[in-house]
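# Summary of the model geometry
Chain by chain, the residues:
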Amino acid sequence: MRTLILGGARSGKSALAERLAVSSGHAVVYIATAQAHDAEMAARIAHHRAQRPAHWLSVEEPLALADVLRAQVRPGRCVLVDCLTLWLSNLLGDADASRFERERAALLDIFPSLTGQVLLVSNEVGLGVVPLGELTRRFVDEAGRLHQALASQCERVLFVAAGIPLALKGSLA
């Protein structure tokens, strides 16, 4: 089953994804997309590393998500990606301006063929005001388009607010 988990910052979406991964009964592969560009983000990454169970396989990949999914997703595994919006930010800020389109296309191309359990965590950023800056508007637009494309290919889409999940597609269980 492929699941997209959306929510705002500190909504509880990552905690939900981790609970779903544990309850899957499968070996868990955690794909982290964050990059430590400053001390605060480095501390966040260190905190997340320390919180993950030691027996989970962790893969840190900020850009080539489709390649990692191709290599890691298989029956009997639960692959948790946290998070798509950090991945999107990494690509939009990449020196190669065309890399975003290539990586997005690769992800959407491979996603329907994945045969294991996949949990995708992403920030829902389209509920606020229209951003003032061009890059921020592009980020919001691209996140919305990405979420729509992936949601159409997922069996389950969950929205989390205040730690409470709501099934938008499929069921909570």
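Here the structure is shown first, and the text comes after it.
Description of the structure in this document. (Residues numbered from 1 in each chain as written. Predicted model: local features only at pLDDT ≥ 70, side-chain atom pairs only at ≥ 80, totals over all residues. Heavy atoms only, no water.)

## Quick look at the pattern of salt bridges
The condition is simple: Take a side-chain nitrogen of Lys or Arg and a carboxyl oxygen of Asp or Glu: if they are within 4 Å of each other, that pair is a salt bridge. Residue burial is assigned from relative accessible area. The probe radius is 1.4 Å, only protein chains are included, and a residue is buried under 20% of its type maximum, exposed over 50%, and partly exposed in between.
Taken as a whole and judged by the stated rule, the model has eight salt bridges. Between D96 and R102 there is a salt bridge, with the nearest N and O atoms lying 2.8 Å from each other. For D96, a relative accessible area of 30% gives the class partly exposed. On the accessibility criterion, R102 (44% relative accessible area) is partly exposed.

## Considerations on the nonpolar core
Basically, it comes down to this: Here, nonpolar core refers to any group of buried Ala, Val, Leu, Ile, Met, Phe, Trp, Tyr and Cys residues whose side-chain atoms link them within 4.5 Å. Helix and strand definitions follow DSSP, with helices as H or I runs of at least four residues and strands as E runs of at least two, each counted in order from the N terminus. Contacts are residue-level and defined by heavy atoms, with any inter-residue pair within 4.5 Å sufficient.
Of all hydrophobic cores here, the largest spans 35 residues; its most connected members are L4, I31, L69, L84 and L150. Those elements giving two or more residues to this core turn out to be β1 (2–7), β2 (27–32), α3 (65–72), β4 (77–82), α4 (84–92), α5 (99–110), β5 (117–123) and α6 (134–153). No other element matches α6, which puts seven residues into this core. Beyond its immediate sequence surroundings of up to four residues, L150 is in contact with L4, L84, L107, L108, F111 and L120.

## Topic: the side chain of D82
Rule in force here: Counted as positive: Lys and Arg. Counted as negative: Asp and Glu, with His and the chain ends omitted from the count.
When you line up the elements, D82 lands in strand β4. The buried charged residue D82 lacks any salt bridge partner; its closest oppositely charged side chain belongs to K13, at an N-O distance of 6.6 Å. Not counting residues up to four positions away in its chain, the partners in contact with D82 are S14, Y30, I31, A32, T33 and V121.

## Description of the pairing of β5
The cut-off we apply is this: In short, DSSP must find at least two bridges between two strands for them to pair.
Across the seven residues that make up β5, a large majority, seven, are buried. One ladder, built from six bridges, connects β1 with β5; its direction is parallel. Counterpart to L6 in the pairing with β5 is S122.

## Brief notes about unusual backbone geometry
Of note, the amide linkage connecting D82 to C83 takes the cis form, showing an omega dihedral of 0°. Counting through the fold element by element, C83 comes out in the loop between β4 and α4. A positive phi angle, near 55°, is found at R10, a position not held by glycine. On the secondary structure map, R10 appears in the loop between β1 and α1 (13–23). With relative accessibility at 66%, the residue R10 sits in the exposed group. The phi torsion at A162 lies on the positive side, around 55°, for a residue other than glycine. Looking at the element boundaries, A162 is found in the loop between β6 (156–161) and β7 (164–169). Under the relative-accessibility criterion, A162 is labelled exposed at 73%.

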